[in-house]
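Structure assessment
The lines below spell out each chain.
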4 protein chains.
Amino acid sequence: MSHTGILRPGFVQLRVLDMQASIDHYTKRIGLHQVTEGRDGRVYLKSADEFDHHSIVLRRADEPGCDFIAFKVRDLSDLAHYKARVEAWGAAVDHVPAGEQPGIGERIGFTVPCGQRIELYHHADHSEPMPLVHNPDVWVLEPHGMRARRFDHALFYGPDVDKTLEFFTKVLDFSCTERVDMPDGLLAIWLTTSMKAHDIAFVKYPEPNKLHHVAFELEDWKDVGHAADILTRYDISIDIGPTRHGITRGQTIYFFDPSGNRNEVFAGGYSYYPDNPTRTWDGDNVGKGIFYYERQLNEAFLSVVT
Amino acid sequence: MSHTGILRPGFVQLRVLDMQASIDHYTKRIGLHQVTEGRDGRVYLKSADEFDHHSIVLRRADEPGCDFIAFKVRDLSDLAHYKARVEAWGAAVDHVPAGEQPGIGERIGFTVPCGQRIELYHHADHSEPMPLVHNPDVWVLEPHGMRARRFDHALFYGPDVDKTLEFFTKVLDFSCTERVDMPDGLLAIWLTTSMKAHDIAFVKYPEPNKLHHVAFELEDWKDVGHAADILTRYDISIDIGPTRHGITRGQTIYFFDPSGNRNEVFAGGYSYYPDNPTRTWDGDNVGKGIFYYERQLNEAFLSVVT
Amino acid sequence: MSHTGILRPGFVQLRVLDMQASIDHYTKRIGLHQVTEGRDGRVYLKSADEFDHHSIVLRRADEPGCDFIAFKVRDLSDLAHYKARVEAWGAAVDHVPAGEQPGIGERIGFTVPCGQRIELYHHADHSEPMPLVHNPDVWVLEPHGMRARRFDHALFYGPDVDKTLEFFTKVLDFSCTERVDMPDGLLAIWLTTSMKAHDIAFVKYPEPNKLHHVAFELEDWKDVGHAADILTRYDISIDIGPTRHGITRGQTIYFFDPSGNRNEVFAGGYSYYPDNPTRTWDGDNVGKGIFYYERQLNEAFLSVVT
Amino acid sequence: MSHTGILRPGFVQLRVLDMQASIDHYTKRIGLHQVTEGRDGRVYLKSADEFDHHSIVLRRADEPGCDFIAFKVRDLSDLAHYKARVEAWGAAVDHVPAGEQPGIGERIGFTVPCGQRIELYHHADHSEPMPLVHNPDVWVLEPHGMRARRFDHALFYGPDVDKTLEFFTKVLDFSCTERVDMPDGLLAIWLTTSMKAHDIAFVKYPEPNKLHHVAFELEDWKDVGHAADILTRYDISIDIGPTRHGITRGQTIYFFDPSGNRNEVFAGGYSYYPDNPTRTWDGDNVGKGIFYYERQLNEAFLSVVT
């Protein structure tokens, strides 16, 4: 088969301080739909253009941040396959039983060298709203808010980017699409398990297990501008943008959810194939790599994480 | 690895009646660049956003049409792997030595049930212009003409779509993203070996080995409109569009090159994963499937092929 | 003052067969808002980006069509000024008292040589929703449906385009931005009283007092495409498009309201100044003038009017 | 006539330090065309979408800045009319003979309270390239570079904005579309003589006769993004953007020409009619008024002028 093993980031579980404000933010502003609320109070969201049960999980907590990100694998046997490889690498693997989240089958979990918990799962129920499959219209429900089409990727901060790169490429079969090498070593990596320019990314940071942002994909640059209009109209704090990343070429805007978790909505970015070279950036150009128009980093981008 | 086997359509060899008019069309209008001219007069073209040596080959001939489409495989061993599978299926496989086209390694070739010749190859040199890889700008050369970003796919016509579907899915590991089933049988299939909504497609037609169109990808709907402005400004014959396909969701316009080969430039289309369902269309909705706005087929679409 | 006399088309009164279906069409699909319903059952609509009380009036009737189009004048004294000029030209002028439509002051009315009733008025109340004026956001309400920004213009059919041209330019101070001259005489004219490429237009037709379409302005070509998606999603009959007009350069799509009145939504078009030449089209190029991409007229465009 | 008196900003004369670098900037990057070079070395530029002889004049000088901005009037008699009104207001008026600039007739000039020289003229020859007028294509030459469609407006800095407002509205018949009132008085005004949201603007500043920027109009937000790509690709200094103005709603990016004169390219902005209210901004919201997404002023915007 042409696309095997780990398919894509399937969902992410976020900690939020005020559940209703968070639901409003992700549904009314970003444009997702609420699928269901679990018995333990977790709330499950998705874009109407996603088939699977949910792509965002909100969990009430006292601190913002990300509990884990879960990747979907193509075959049930991939769970055992990757469990063995992760354990062979030397990391512990635990099991989460089917049904711990509604609509999701058995999951396995482990911690990567930057400190984040990664999960893999094979089964997800479909849920409404989702794309039509028989004589399908382009959309069933008119896109609303920022018109997010899918949960796309997350960027994490942590101390050991070198080892994380090795783990993702050697154990999980990801490719490194771009990397930033500073005079004192590897600063950041962008990783893909698909044709997307990134499915997950890491930046070096003294503290482990930090979330920089979760990102949602939009159709185009006009929708990025429309997102910016929404952010100002509803007094939502913008971090930076609209701008473009040199890295991935994505056209982007960053802002914060009501709990202080950074969100990105973006459009574009090249298609990646595994025979493509890894794009590299050096210390003199990292500003342009991150923010292509400003050509310099801003303080918040480097230091504000949850 | 996550993307294995056949990666993508790499290049297509087209027959053209007037070489200079064809070069002008594909470079000035569609926005490609000429890489080189071979000793036998064949001319090799590419987009500046493609790494590999070329994606379009023009061959002077007395009849328009397509000689073959060639797919790139990930590993050299994939050539032997697919040779064995194609032969096991019962089709003959021939070899084309490295260098028969400049920059391209050894190829294998065979004929599919709709009559087209398909080739597989592993090696392609890089050629200029191509994307920068160290501190890369978004583009090196300002996009020109229709701003085509890549040769994307081709649609062929031929008599045995059912068998062609079986061949591509069982022998070549493609997925069927969409299909049209008429009361009297399978009319058309869209196939992918990647996350694109289609890498190749087939429509039922009494004569074998016919080309319906070769397609180039554009950034967005605005570029589709700009392509339409170019077509009228330079009196190039438009077949249909700008419109949208219900199938793949692509926003599109069709027109003809100076030899009568149909071209498409398009933008958008969903991302496909192998766990997605196949979208299906029935006879009552095929018009909407092909031309989402017009909701009916036009005569030229069904009958004009090369 | 720099913009004097007649400012713009202010509102149009349309006859509709089914009031609720019409309200749904103009509010949910085109994106207008209902301002109020009059005691006689007429319903008043506007875009949230328009200040004045309303721009569309729906009147229940047994036949579709347009009762009249009303232009707003800059000064109260303009009413007497144009009354005198219209009467001097030989046309009768009648008065409509203030309040005949909610929020609108005194109007005067007369019939042009193509048979349509034109009205002029000076006063309009403001109504909600309308643009903010103190520390204004870009919009108060997120645009919805086709995101129409204003009622923009109307195109009428009637027998005496030559005389209508003379009337609008000599009596009402309009400029002719474009004209189509066929071998047998003047076919069509586009007229402006502003910097818009057209505020009203006329095409030669045997029957007087016919409406070809009323048009709403969108932000850009992407919104024209989104309008097309809406039309197919809700099974609304499309006449033609998305396409571009050579005349005015507008990017456009035509469709029908539930009563059979033709609507246009469009974007773009050049800015006109009164020192600009009139653009002219001849019989060999009228197809390209009307539909820039198709380069030929369609039968419906020429014959379906209300 | 509906648009009388002063029609629009026709051209602006800029001082540049290096003529060839300036020509390259305005033609290759912004997308203008060189019309001619005068015997005194001044160089005349225009957009291919403008009819009149030129809209930008470059003059070699030792300091950057703006010599004057010239507005075109509708009728020859408007020159005498406005001369009398300016003199009645108490300002001196001088004459510039026809031919002092190629293609331009007699001009009159005077100084406004903020210190800038304003000129009025009636006659301008047409020059190539310009829009076609008989069976016109949408464009004759494919737009290039940033695809500027016209010189649009200028923003000036100077000490007496109150008196400048009075002068433009009472003597020159402009309308004030937006104003910023700080606790200590009027900070800034946007003025129009047309349906554009601004034809000229002024911000309070201790020194007289300063240029903040000259602006060129683009088609849409995508072209603003493309302009940003060009700026980074060719290492041109960006001041701010891509962003949106709350004032005028324009989508914009600011940068500097090789001499340090600030340029703006922008798209959008509402259409203004003289019966529209003046939009007002207070001190607490001026940041959002200027930069709608950032919601705060940057130091360079307030202090860097030429």
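Residues numbered from 1 in each chain as written. Chains lettered and ligands numbered in written order. Predicted model: local features only at pLDDT ≥ 70, side-chain atom pairs only at ≥ 80, totals over all residues. Heavy atoms only, no water.

**Some points on the interface of chain A and chain B**
This is how it is decided: Contacts between residues were defined by any pair of non-hydrogen atoms, one from each residue, lying within 4.5 Å. Two parts placed together each lose some accessible area under a 1.4 Å probe, and adding up what both lose gives the buried area. Any carboxyl oxygen of Asp or Glu that lies within 4 Å of a side-chain nitrogen of Lys or Arg is treated as forming a salt bridge with it. N or O atoms within 3.5 Å of each other form a polar contact, as long as, within protein, one can give a hydrogen and the other can take it, and as long as residues adjacent in sequence are counted only when both atoms are side-chain atoms. Under the DSSP-based scheme used, a helix requires at least four consecutive residues in state H or I and a strand at least two consecutive residues in state E, with every element numbered from the N terminus.
With 43 residues of chain A in contact, the opposing surface of chain B contributes 43 residues. Taking both partners together, chain A and chain B bury about 4300 Å²; carbon and sulfur atoms supply 48% of that area. If you look at where chain A meets chain B, you find eight salt bridges. Taking the shortest distance from any N to any O, the salt bridge between Asp-137 of chain A and Lys-288 of chain B comes out at 3.3 Å. The interface formed by chain A and chain B contains 24 residue pairs in polar contact (both at pLDDT 80 or more). Those elements that place two or more of their residues in the side of chain A that touches chain B are β1 (6-16) and β17 (279-282) of chain A. If one sorts the elements of the side of chain A that touches chain B by residue count, β17 of chain A sits on top with four residues.

**Observations regarding the interface of chain D and chain C**
The following threshold applies: Residue polarity follows a fixed list, in which Ala, Val, Leu, Ile, Met, Phe, Trp, Tyr, Cys and Pro are nonpolar, Asp, Glu, Lys and Arg are charged, and the others, Gly among them, are polar.
Listed per partner, the contact involves 43 residues of chain D and 43 residues of chain C. Across the chain D/chain C interface, buried area totals approximately 4300 Å², and carbon plus sulfur atoms make up 48% of it. Counting across the chain D and chain C interface gives eight salt bridges. For Arg-8 of chain D, the salt bridge identified is with Asp-275 of chain C, shortest N-O distance 2.7 Å. Scanning the region where chain D abuts chain C turns up 24 residue pairs in polar contact (both at pLDDT 80 or more). When residues of the side of chain D that touches chain C are traced back to their parent elements, those giving at least two are β1 (6-16) and β17 (279-282) of chain D. Sort the elements by how many residues they give to the side of chain D that touches chain C and β17 of chain D lands first, with four residues. Taken together, the residues that form the side of chain D that touches chain C break down as 15 nonpolar, 13 polar and 15 charged.

**Topic: the environment of Gly-250 of chain D**
All names here are of chain D. The condition is simple: Remark: exposure states derive from per-residue accessible area (1.4 Å probe, protein chains only) relative to the maximum for the residue type, with buried under 20%, exposed over 50%, and partly exposed in between.
Position of Gly-250 relative to the elements: it lies in the loop between β14 (238-244) and β15 (251-256). Residue classification places Gly-250 among the buried residues on the basis of a relative accessible area of 0%. Sequence spacing of Gly-250 and Asp-40 is 210 residues, and the spatial spacing of their C-alpha atoms is 37 Å. Those residues in contact with Gly-250 that lie beyond four places of it in its chain are Thr-243, Arg-244, His-245, Phe-266, Ala-267, Gly-268 and Gly-269.

**Quick notes on the sheet that holds strand β11 (residues 185-192) of chain D**
Residue and element names in this part refer to chain D. Using the following cut-off: Note on pairing: DSSP must find at least two bridges between two strands before they are called paired. Lines fitted to C-alpha atoms define the axes here, with helix axes fitted over just the stretch in contact, and angles between the N-to-C directions of these axes take values from 0 to 180 degrees.
Read across the sheet, nine strands follow the order β14-β15-β16-β13-β9-β12-β11-β10-β17 without closing on themselves; strand pairing throughout is mixed. Bordering the open sheet on either side are β14 and β17, each of which pairs with just one other strand. In this sheet, adjacent strand axes meet at a mean angle of 15° when their direction is disregarded. Summarising the sheet, β14 and β15 pair through four bridges and their orientation is antiparallel.

**Side note on the pairing of strand β9 (residues 150-158) of chain A**
Residue and element names in this part refer to chain A. Buried residues dominate β9, accounting for nine of its nine residues. In this structure, β9 lies alongside strand β13 (residues 210-217), joined through seven bridges in antiparallel fashion. The residue of β13 that forms the bridge with Phe-156 is Leu-211. Bridge count for β9 against strand β12 (residues 200-204) is five bridges, and the pairing is parallel. Within β12, the position partnered with Gly-158 by the bridge is Lys-204.

**Quick notes on the side chain of Arg-8 of chain A**
The topology assignment puts Arg-8 of chain A in strand β1. A residue is classified by how much of its surface remains accessible, and Arg-8 of chain A, at 12% relative accessible area, is buried. Those residues in contact with Arg-8 of chain A that lie beyond four places of it in its chain are Asp-52, Ala-70, Phe-71, Lys-72 and Thr-193 of chain A together with Tyr-273 and Asp-275 of chain B.

**Observations concerning the domain arrangement of chain A**
Residue and element names in this part refer to chain A. To keep it simple, the criterion reads: Domain extents, as shown, originate in an automatic or database domain assignment.
As assigned here, chain A comprises domain 1 (6-121) and domain 2 (150-303). Computed from C-alpha coordinates alone, the two centres of domain 1 and domain 2 are separated by 20 Å. Across the boundary between the two partners, domain 1 contributes 40 residues, which contact 42 residues of domain 2. With both sides pooled, the region where domain 1 packs onto domain 2 buries about 3200 Å², and carbon together with sulfur makes up 70% of that total.

**A closer look at the packing of aromatic side chains**
Just so we agree on the cut-off: Here a Phe, Tyr or Trp ring, Trp counted by its six-membered ring, pairs with any other such ring whose centre lies within 6.5 Å, and the pair is stacked when the planes are under 30 degrees apart, edge-to-face when over 60, and tilted otherwise. Whether a charge sits over a ring depends on NZ of Lys or CZ of Arg being within 6 Å of the ring centre and within 35 degrees of the ring normal.
Summed over all chains, the structure comprises 66 aromatic pairs over all chains. Ring centres of Phe-168 of chain A and Phe-202 of chain A lie 5.4 Å apart, and the angle between their planes is 45°; this geometry places the pair in the tilted category. Highlighted residues: Phe-168 of chain A in helix α3 (residues 161-171) and Phe-202 of chain A in strand β12, separated in sequence by 34 residues. With respect to class, Phe-168 of chain A is no different from Phe-202 of chain A; both count as buried. Ring centres 6.3 Å apart and planes at 65° place the aromatic pair Phe-151 of chain D and Phe-216 of chain D in the edge-to-face group. Taken as a pair, Phe-151 of chain D in strand β9 (residues 150-158) and Phe-216 of chain D in strand β13 (residues 210-217) lie far apart in primary sequence, 65 residues in all. Residue classification places Phe-151 of chain D among the buried positions, given a relative accessible area of 2%. Overall, Phe-216 of chain D belongs to the buried group, its relative accessible area being 0%. Feature note: the residues Phe-71, Trp-89, Phe-110, Phe-156, Phe-167, Phe-168, Phe-174 and Phe-202 of chain A constitute an aromatic cluster, connected by ring pairs. Geometry around Tyr-270 of chain D places Arg-279 of chain D over its ring, the cationic atom sitting 3.9 Å from the centre.

**Details of the confidence of the model for chain A**
Test applied: Confidence scores per residue from the predictor, reported as pLDDT, run from 0 to 100.
When pLDDT is averaged along chain A, the result is 97, and 100% of the positions lie at 70 or above. Two summary scores accompany this predicted model of the complex, namely pTM at 0.97 and ipTM at 0.96.

**A look at the relation of the copies chain D and chain C**
Both copies of the chain are related through a single rotation about an axis accompanied by a shift along the same axis. Spelled out, the test is: Each copy is superposed on the other by least squares, with the fit set by C-alpha atoms of residues at a pLDDT of at least 70 in both.
Each copy of the sequence occupies a distinct position, and chain D is placed on chain C by a rotation of 180° and an axial shift of 0.0 Å, giving an RMSD of 0.0 Å. What the rotation and shift describe, once combined, is the action of a two-fold rotation axis. In terms of C-alpha distance to the rotation axis, chain D has His-3 of chain D as its closest residue, with the C-alpha 2.2 Å off the axis. Counting the interface residues of chain D, we find that 100% of their copies in chain C are interface residues as well, pointing to one common contact surface.

**Structural notes on the packing of helix α2 (residues 77-89) of chain A against α3 of chain A**
Residue and element names in this part refer to chain A. Note the cut-off: Note on convention: near helix rotated counterclockwise from far helix by under a right angle means a left-handed crossing. Clockwise means right-handed.
Orientation of α2 relative to α3, taken along the N-to-C sense of each, is 145°, at an axis distance of 11 Å. Here α2 runs over α3; the crossing is right-handed. Touching Tyr-82, Arg-85, Val-86 and Trp-89 of α2 are Lys-163, Glu-166, Phe-167, Lys-170 and Val-171, all from α3. Split into classes, the residues belonging to the contact of α2 with α3 amount to five nonpolar, no polar and four charged.

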